[in-house]
Amino acid sequence: LNSGIGAKKSSIKSATQIFSEALLHLCEHNDKIVGVTAAMPGGTGLSPLIEKYPNRFWDVAIAEQHAVTSMSALAKEGFKPFCTIYSTFLQRGYDQVIHDTCLMDLPVVFALDRAGIVGEDGETHQGAFDISFLRAIPNMTLFAPRDEKSFHQAMAFASKYEHPCSLRYPRGSFIDTEELPKSAPFEFAKSQLLHEAKGGILFIGYGNGVGRANETAKSVDTEVAILDLRFVKPLDKDMLREMAGKHKKWFVFSDSAKMGGVGSALLEFLADENISGVQVVSFEYGDKFITHGNIKLVEESLGLLPEQLAKKVLS
């Protein structure tokens, strides 16, 4: 697996494989679950479902707009669609997401594979922008798993959620978080505090960023609190208010664009709540396109390796 930081051995499941297994389990118990992919049945893990349930899962070829609209129509008729698309390719169906899904508040699940840096997949495939462009849409809910267990829990939540939603996951495997507390079941707009500390520093991870936050914490010579944000829309306001009272330095870890991303959402929250005195530093991607290359080398060039981030925290 070309899975970047945190991959320890080739037997670790890829996020795509976990998604495929979770969706197969869900559809075996719910005949209303259907799904679509746009020319990426193997890449998204939908091939086994298309083979087993050819009347419920489809590949519509390079037609993301049609994929979104067709799933919205099925949602209107009482089905539970999973629209499975690479993060970067959902941009092609943005108009349909707004007008055909969210405007009518239809319960389509957008499962966004390849969120974050994708390595040798190529420069056009970098999944940087989905949080930024989806967060602005009314009726849309955004959440993300951090590991295999939380992915199954996120999928279970998504399968019962009655509004548009999106969950994102990386190419390759999740960064290892085994030493952190076990994932709790997903609850709407609820985060999970993984580690509390008295040092005044809070690491906020979103999705695969939780693993990056944990790896970075090991290289920081002071104790830090770690929060798995889980939902970036809507935010867990009660938890964030509590954290603002205890920790005045927040560091944000998310494999996404900084503009309009997780850090932006947190800054908007602090402004809306009139909370002062909290410094927010985001380690999301800067305002430039990410180059093609090996994931670890690209992360190093962006200053996103744990030891690099630890130096930034300490400075």
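See the structure above.
Residues numbered from 1 in each chain as written. Predicted model: local features only at pLDDT ≥ 70, side-chain atom pairs only at ≥ 80, totals over all residues. Heavy atoms only, no water.

Trainee: I'd like to hear about the pattern of salt bridges, residue by residue, with values.
Mentor: Overall, the coordinates contain 20 salt bridges when judged by the stated rule. Residue Lys13 pairs with Glu21 through a salt bridge whose shortest N-O separation is 2.9 Å. Judged by its relative accessible area of 29%, Lys13 falls in the partly exposed class. With a closest N to O distance of 3.7 Å, Arg230 and Asp228 form a salt bridge. Like Arg230, the residue Asp228 is buried in the burial classification. One salt-bridge network, held together by shared partners, links Asp113, Arg114, Asp121 and Arg171. (Salt bridge = Lys/Arg side-chain N within 4 Å of Asp/Glu carboxyl O. Buried < 20%, exposed > 50% of the residue type's maximum accessible area, 1.4 Å probe, protein only.)

Trainee: So what about the layout of surface pockets? Which residues, and what values?
Mentor: Gaps left between atoms are located by rolling a probe of water-molecule size over the structure's atoms. Roughly 280 Å³ of internal volume is contained in the second largest pocket. Lining the second largest pocket we find 17 residues, and of these Ala128, Phe129, Ala257, Lys288 and Phe289 sit closest to its centre. (1 Å grid on protein atoms, 1.4 Å probe; cavity = no way out; pocket = protein on both sides within 12 Å on 5 of 7 lines; lining within 4 Å. Points joined across faces, edges and corners; volume = space filled by probe spheres on them.)

Trainee: Before we move on, can you summarise the pairing of strand S9 (residues 225-228) with the specific residues and values?
Mentor: When a strand is regular, its side chains alternate between the sheet's two faces. In S9, alternate side chains face the same way, and those of Ala225 and Leu227 on one face and Ile226 and Asp228 on the other are all buried. Taken together, the 3 bridges between strand S7 (residues 192-195) and S9 define a ladder with antiparallel strand orientation. Each bridged residue has a counterpart across the sheet, and for Gln192 the counterpart in S9 is Asp228. Examined bridge by bridge, strand S8 (residues 201-205) and S9 share 4 bridges and lie parallel to one another. Across the sheet, residue Leu202 finds its bridge partner in S9, namely Ala225. Regarding the hand of the β-α-β motif, the stretch spanning S8, helix H8 (residues 209-218) and S9 is right-handed. (Helix = DSSP H or I, 4+ residues; strand = E, 2+ residues; numbered from the N terminus. Pairing = 2+ DSSP bridges. Right-handed = clockwise from strand over helix to strand, strands pointing away.)

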